[in-house]
Amino acid sequence: NTCLKDFTGILKLYYSGDTILDSLQTFRNVFTYISQDRKVDLIVIDEFPFLCKKKKDTVTEFQWIIDHGLNGIKLILMGSNRSFMKHQVSDRESPLYGRFDEIMEIRPFTFDEVWQLFPDFDDAVQVYGETGGVAQYVMFIKNYPSVDEAVRHLYFNRNGRLFQESANYLLQEFKDPTVYANVLRAIGSGEKD
């Protein structure tokens with residue numbers, strides 16, 4: 001499991017010379033091991049939905065970790081797939097339901113906040129319209145000399161950081177995004193019907 005190897009690789013920074021981490025085969029085993037000596041106080045797992053996609057029983061495994069394997073370690077699970085995260089928090093059928101001390105939803109910038117970053121009103125409207133206020137996207141644009149240059153480079157260059165973002169978003173939110181992608185493609189090409 002690549003994700004588990006990446007995770008234990010980072011933990012080796014705190015457990016230098018420790019070869020036991022290499023032999024542990026599950027997140028449950030790793031958390032049990034590290035919770036015994038408390039060298040780590042906080043663990044943050046970003047893009048938790050992607051981890052769950054790679055291994056079907058991850059949510060159940062993390063239920064056990066939260067219930068039995070933390071021993072005082074703070075665990076933060078983050079994810080940009082809102083529907084997945086909301087399902088895991090709100091759905092009574094989810095193994096993680098009711099197991100969070102705190103739930104935070106990071107909201108996008110409001111238009112007024114974007115306008116503070118881009119004092120030219122037309123630029124602020126364009127940036128807000130193209131990013132929906134998503135903070136990381138807004139900051140990508142802020143790093144360019146002009147909004148037009150940022151949009152050309154980020155959205156329309158095949159190597160741009162946001163070139164694939166709409167396709168990625170559709171893949172996160174829908175099991176079969178083909179119909180939605182076709183509708184967006186038709187709108188983008190100017191088709192009327």
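Above this note sits the structure.
Reading the values: the criteria
Residues numbered from 1 in each chain as written. Predicted model: local features only at pLDDT ≥ 70, side-chain atom pairs only at ≥ 80, totals over all residues. Heavy atoms only, no water. Helix = DSSP H or I, 4+ residues; strand = E, 2+ residues; numbered from the N terminus. Buried < 20%, exposed > 50% of the residue type's maximum accessible area, 1.4 Å probe, protein only. Axes fitted to C-alpha atoms, helices over the stretch in contact; angles between N-to-C directions. Parallel < 35°, antiparallel > 145°, perpendicular 65-115°, else oblique. Left-handed = near helix turned anticlockwise from the far one by under 90°. Contact = heavy atoms within 4.5 Å. Nonpolar A, V, L, I, M, F, W, Y, C, P; charged D, E, K, R; others polar. Pairing = 2+ DSSP bridges. Arc of directions from axis to C-beta.

Novice: In this structure, what is going on with the environment of Asn168? I would like to understand it.
Specialist: For Asn168, the location among the structural elements is in helix 11 (residues 165-173). The exposure class assigned to Asn168 is partly exposed, which follows from its relative accessible area of 33%. For the pair Asn168 and Lys55, spaced 113 residues apart in the sequence, the C-alpha separation amounts to 19 Å.

Novice: So what exactly am I meant to see when it comes to the packing of helix 3 (residues 27-37) against helix 5 (residues 58-68) here?
Specialist: In contact at an axis separation of 9 Å, helix 3 and helix 5 are set at 15° when each is read in the N-to-C sense. With respect to their mutual orientation, helix 3 and helix 5 come out roughly parallel. Helix 3 and helix 5 meet at a crossing whose hand is right-handed. Each of Phe27, Arg28, Phe31 and Thr32 in helix 3 lies in contact with helix 5, whose residues at this interface are Glu61, Phe62, Trp64 and Ile65. Residue composition of the contact of helix 3 with helix 5, by class: 5 nonpolar, 1 polar and 2 charged.

Novice: Looking at this structure, I do not really get the pairing of strand 2 (residues 74-77). What am I missing?
Specialist: The two faces of a sheet get side chains in turn, since along a regular strand they alternate between them. Burial along strand 2 is one-sided: Leu75 and Leu77 are buried, and none of Lys74 and Ile76, which face the opposite way, are. With 4 bridges joining them, strand 1 (residues 42-45) and strand 2 adopt parallel strand pairing. If you follow Ile43 over to strand 2, its bridge partner there is Leu75.

Novice: When you look at helix 1 (residues 2-11) in this model, what are you seeing that I'm missing?
Specialist: Given 3.6 residues per turn, any residue in an α-helix points the same way as the ones three and four places further on. Restricting attention to buried positions, one finds in helix 1 the residues Leu4, Phe7, Thr8 and Leu11. Along the long axis of helix 1, the arc covered by the buried residues comes to 95°, so they all point the same way. Of the exposed residues in helix 1, those oriented more than 90 degrees away from the buried face are Thr2, Lys5 and Ile10. Against the buried residues of helix 1 lie helix 2 (20-23), helix 3 and strand 1.

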